[in-house]
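Listed below, chain by chain, are the residues.
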Amino acid sequence: MSSLLQQLNTLLPIFRSRVGALLFLFSALLSRGLEAIQADRDDPGQSLVTSPFGHASQEIVNLLICGHAVPEVFDGNMDVGGGMTVKGIPSKVEVGFLTLLEAFKYCTVGQFLKRPKWPIWVVGSESHYTVLFALQNNIQDENELEDRERRIRQAFDAHDQSGGGGFIVASSVRQLLHDMDIIMPMDMLESLCANEFVVWNELWQALHQIDKSKGGLKSADSTGGVKQFELYHFNGIAKTVGNGSSVQQRPRLTKLRVSVPPKWTPEEYMMDYKPSASANDATGGSMGVDTQKSVKEEPAQHAPIVDCIRTRWERASCNWVGDAPSIV
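By the naming in an unreviewed UniProt entry, the protein is Deubiquitinating enzyme MINDY-3/4 conserved domain-containing protein, taken from Ceratopteris richardii. Word for word, the UniProt comment on the protein under Sequence similarities (unreviewed entry) is "Belongs to the MINDY deubiquitinase family. FAM188 subfamily."

So, in C-alpha cells, the structure goes:
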C-alpha cells in the first residue's frame with residue numbers, strides 16, 4: 001500500500017496537468033474493461049468524446065456515475081421494437097444526475113439517478129457539469145403518498161415505449177392498475193382509455209379521485225405543509241471576486257433555500273403555498289428539513305439551476321444571497 005501511495009503521489013502532477021482529465025478517463029475505461037465498455041453501448045461505432053469541443057458523451061458520464069457506459073438516463077432497458085433494446089441505468093446509484101436537457105423536454109432522467117443513495121447530483125448543462133448537494137440525507141425522505149406516487153410512476157414508465165414522452169398505450173393501463181393493486185371504477189377507466197394513448201397527467205388526476213384504501217392517491221392528509229431544506233451548488237470554473245489589489249479567481253459555492261409545496265395540492269390552492277424564507281435561517285441555520293403550514297412569503301428567484309432542481313422536486317422555489325448560481 002505504501003508503494004502504491006508513493007507512486008500516486010509521484011504521478012499527481014501529471015493528473016493535475018492539461019492531460020489529467022484524459023488520464024482519468026483512460027483509467028475509468030480500463031477499470032471497466034474495453035470489451036465491457038463496448039458491450040454496454042448501443043452503438044459502439046460512435047465516439048465517446050463528442051466533437052468539435054471534446055465534450056464527454058452521456059456514456060462517459062454514466063460510466064463514472066454507475067460503472068456502466070450505457071447511453072441513456074432512464075431506469076433499466078427499453079424495448080423499442082424490432083428486436084432493438086436501448087440501455088439505461090441498471091440499478092440504484094450512490095451519486096445522482098440531473099440535467100437541464102430534461103427541463104427542455106429533450107430527455108427524462110429516471111428515478112435511479114434522481115434518487116441516489118447520497119444527496120449529491122452531477123448537474124449537466126449544454127456545455128458544462130457542476131455539482132448540487134445537501135448536508136442532510138433526509139431531504140430525500142418521502143411520506144406515504146409520495147412513495148406511492150413514485151412507485152406508480154415507475155410502473156407507468158415501464159410501459160412507456162416513447163423514450164420518456166410521458167404516455168402509454170391505453171391497453172397497458174389495465175395491467176398497470178392490476179400490478180399496483182389499484183381499484184378504478186369502470187366508468188372512470190373507460191373515460192381514461194377513450195383515446196389510443198393515456199398521458200401521465202391524466203392518470204395522475206384520475207388517481208387523485210381514488211381513495212388510498214383502493215390504491216389511489218386521495219387522502220385527507222394530502223394538503224400537508226411546505227417542505228423546506230437547503231442545497232449547495234458548486235461550480236468549479238473560477239470567477240473573479242474582489243476588487244483592486246485583492247482580486248482573486250475562485251470557484252463558486254452557493255447556498256440555496258428550497259421550498260417545495262405539497263405534491264398533492266391542486267393548482268387552484270397553490271397560492272396558499274408561496275415560496276418562503278427558511279425557518280431555519282432565523283434559528284441559526286439547521287441544515288435539516290422543515291415542514292410547516294404557515295410560512296413567511298419571500299419572492300422566488302430564478303436561474304437555470306432552478307429548472308434542474310424542479311426535475312427532481314416539482315414546483316420547487318429557490319432563494320439565494322448574491323449572484324445567481326451558474327451551471328455554465
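S.K.: Help me get a handle on helix H7 (residues 144–159), residues and values and all.
M.R.: Its 16 residues give H7 an end-to-end C-alpha distance of 23 Å, which sits within 8% of 22 Å, the value for a rise of 1.5 Å per residue. Among all positions of H7, only Leu145, Glu146, Arg148, Glu149, Arg150, Ile152, Ala155 and Phe156 are buried. Structurally, H7 contributes buried residues whose contacts are with helix H6 (111–114), strand S8 (167–169), helix H8 (173–179), strand S9 (197–199) and helix H10 (200–207).

S.K.: I'd like to hear about a nonpolar patch on the surface, residue by residue, with values.
M.R.: A grouping of Met1, Leu4, Leu5 and Leu8 is seen on the molecular surface, where their side chains present a nonpolar patch of about 440 Å² in accessible area. With respect to the helices and strands, Leu4 occurs in helix H1 (residues 2–15).

S.K.: Let's hear about the pairing of strand S7 (residues 129–133): which residues, and what values?
M.R.: Where a strand is regular, its side chains alternate between the two sheet faces. Judged by which residues are buried, S7 turns out to be one-sided: Thr130 and Leu132 face inward and are buried, whereas Tyr129, Val131 and Phe133, on the alternate face, are not. In terms of strand pairing, strand S6 (residues 120–124) meets S7 through five bridges, oriented antiparallel. Bridge pairing links Gly124 to Tyr129 in S7. Once S6 ends, the chain turns through four residues before running back antiparallel as S7.

S.K.: Mind laying out helix H4 (residues 58–66), listing which residues take part and the relevant values?
M.R.: Most of H4 sits out of view: seven of its nine residues are buried. Within H4 the residues assigned to the buried category are Glu59, Ile60, Val61, Asn62, Leu63, Ile65 and Cys66. Trailing H4 by a residue or two, Gly67 shows a phi angle of about 85°, which is positive.

S.K.: Quick rundown of the packing of aromatic side chains? Include the residues and the values.
M.R.: This model, assessed by the stated rule, comprises six aromatic pairs. With centroids separated by 5.3 Å and ring planes inclined at 70°, the aromatic side chains of Phe156 and Trp200 adopt a geometry described as edge-to-face. Highlighted residues: Phe156 in helix H7 and Trp200 in helix H10, separated in sequence by 44 residues. For the pair Phe156 and Trp200, one class covers both residues: buried. Taken together, the aromatic side chains of Trp121, Phe229 and Trp313 make up a single cluster linked through ring pairs. The lysine or arginine in question, Arg153, covers the ring of Trp200, its NZ or CZ lying 4.8 Å from the ring centre. One cation-aromatic arrangement involves Arg312 over Trp313; the distance from NZ or CZ to the ring centre is 4.5 Å.

S.K.: Account for the pattern of salt bridges, naming residues and giving values.
M.R.: The tally for this structure, following the rule as stated, stands at five salt bridges. Here Arg32 and Asp40 are joined by a salt bridge, their closest N and O atoms 2.9 Å apart. Residue Arg32 is classed as partly exposed on the basis of its relative accessible area of 28%.

S.K.: Talk me through the pairing of strand S4 (residues 84–87); I want residue IDs and the actual numbers.
M.R.: In this sheet, S4 lies alongside strand S3 (residues 77–81) in antiparallel orientation, the contact comprising four bridges. Paired with Asp79 across the bridge in S4 is Thr85. Linkage of S3 to S4, two consecutive antiparallel strands, is achieved through a turn of two residues, within which Gly82 is found at a positive phi near 65°.

S.K.: Account for the packing of helix H2 (residues 20–32) against H4, with residues named and values stated.
M.R.: Packing of H2 against H4 leaves a shortest axis separation of 11 Å and a crossing angle of 70°. In terms of their interaxial angle, H2 and H4 are classed as roughly perpendicular. By crossing handedness, the relation of H2 to H4 is classed as left-handed. For the pair H2 and H4, the contacting residues are Phe24, Leu25, Ala28, Leu29 and Arg32 in the first and Ile60, Leu63 and Leu64 in the second. For the contact of H2 with H4, the residue count by class is seven nonpolar, no polar and one charged.

S.K.: Residue-level account of unusual backbone geometry, with values.
M.R.: Of note, the bond from Ser51 into Pro52 is cis; its omega dihedral lies within 30 degrees of zero at 5°. Of note, Pro52 is situated in the loop between strand S1 (49–50) and strand S2 (55–56). Here the phi dihedral of Asp181 falls at roughly 55°; this positive angle occurs in a residue that is not glycine. Even without being glycine, Arg315 reaches a positive phi, approximately 65°. With respect to the helices, strands and loops of the structure, Arg315 is situated in the loop between helix H11 (304–310) and strand S13 (317–319). The exposure class of Arg315 is partly exposed, given its relative accessible area of 25%.

S.K.: Explain the side chain of Thr130 to me, using residue names and the numbers behind them.
M.R.: Among the secondary structure elements, Thr130 is positioned in strand S7. In this structure Thr130 comes out as buried when scored by relative accessible area, which is 2%. Within the structure, the side chain of Thr130 is placed 2.8 Å from the side chain of His233, a separation counted as a polar contact. Those residues in contact with Thr130 that sit more than four places away from it in its chain are Trp121, Val122, Val123, His233, Phe234, Asn235, Ser326 and Ile327.

Calculation notes
- Residues numbered from 1 in each chain as written.
- Predicted model: local features only at pLDDT ≥ 70, side-chain atom pairs only at ≥ 80, totals over all residues.
- Heavy atoms only, no water.
- UniProt positions renumbered as here; feature names shortened; annotations may be inferred.
- Helix = DSSP H or I, 4+ residues; strand = E, 2+ residues; numbered from the N terminus.
- Expected span 1.5 Å × (residues − 1).
- Buried < 20%, exposed > 50% of the residue type's maximum accessible area, 1.4 Å probe, protein only.
- Contact = heavy atoms within 4.5 Å.
- Patch = residues over 30% accessible without salt bridge, like charges linked within 9 Å, V, L, I, M, F, W, Y side chains within 5 Å.
- Areas by Shrake-Rupley, 256 points an atom, 1.4 Å probe, with all protein chains shown as cover.
- Salt bridge = Lys/Arg side-chain N within 4 Å of Asp/Glu carboxyl O.
- Pairing = 2+ DSSP bridges.
- Phe/Tyr/Trp six-rings, centres within 6.5 Å; stacked < 30°, edge-to-face > 60°.
- Lys NZ or Arg CZ within 6 Å of the ring centre and 35° of its normal.
- Axes fitted to C-alpha atoms, helices over the stretch in contact; angles between N-to-C directions.
- Parallel < 35°, antiparallel > 145°, perpendicular 65-115°, else oblique.
- Left-handed = near helix turned anticlockwise from the far one by under 90°.
- Nonpolar A, V, L, I, M, F, W, Y, C, P; charged D, E, K, R; others polar.
- Polar contact = N/O pair within 3.5 Å; in protein donor to acceptor, adjacent residues only side chain to side chain.

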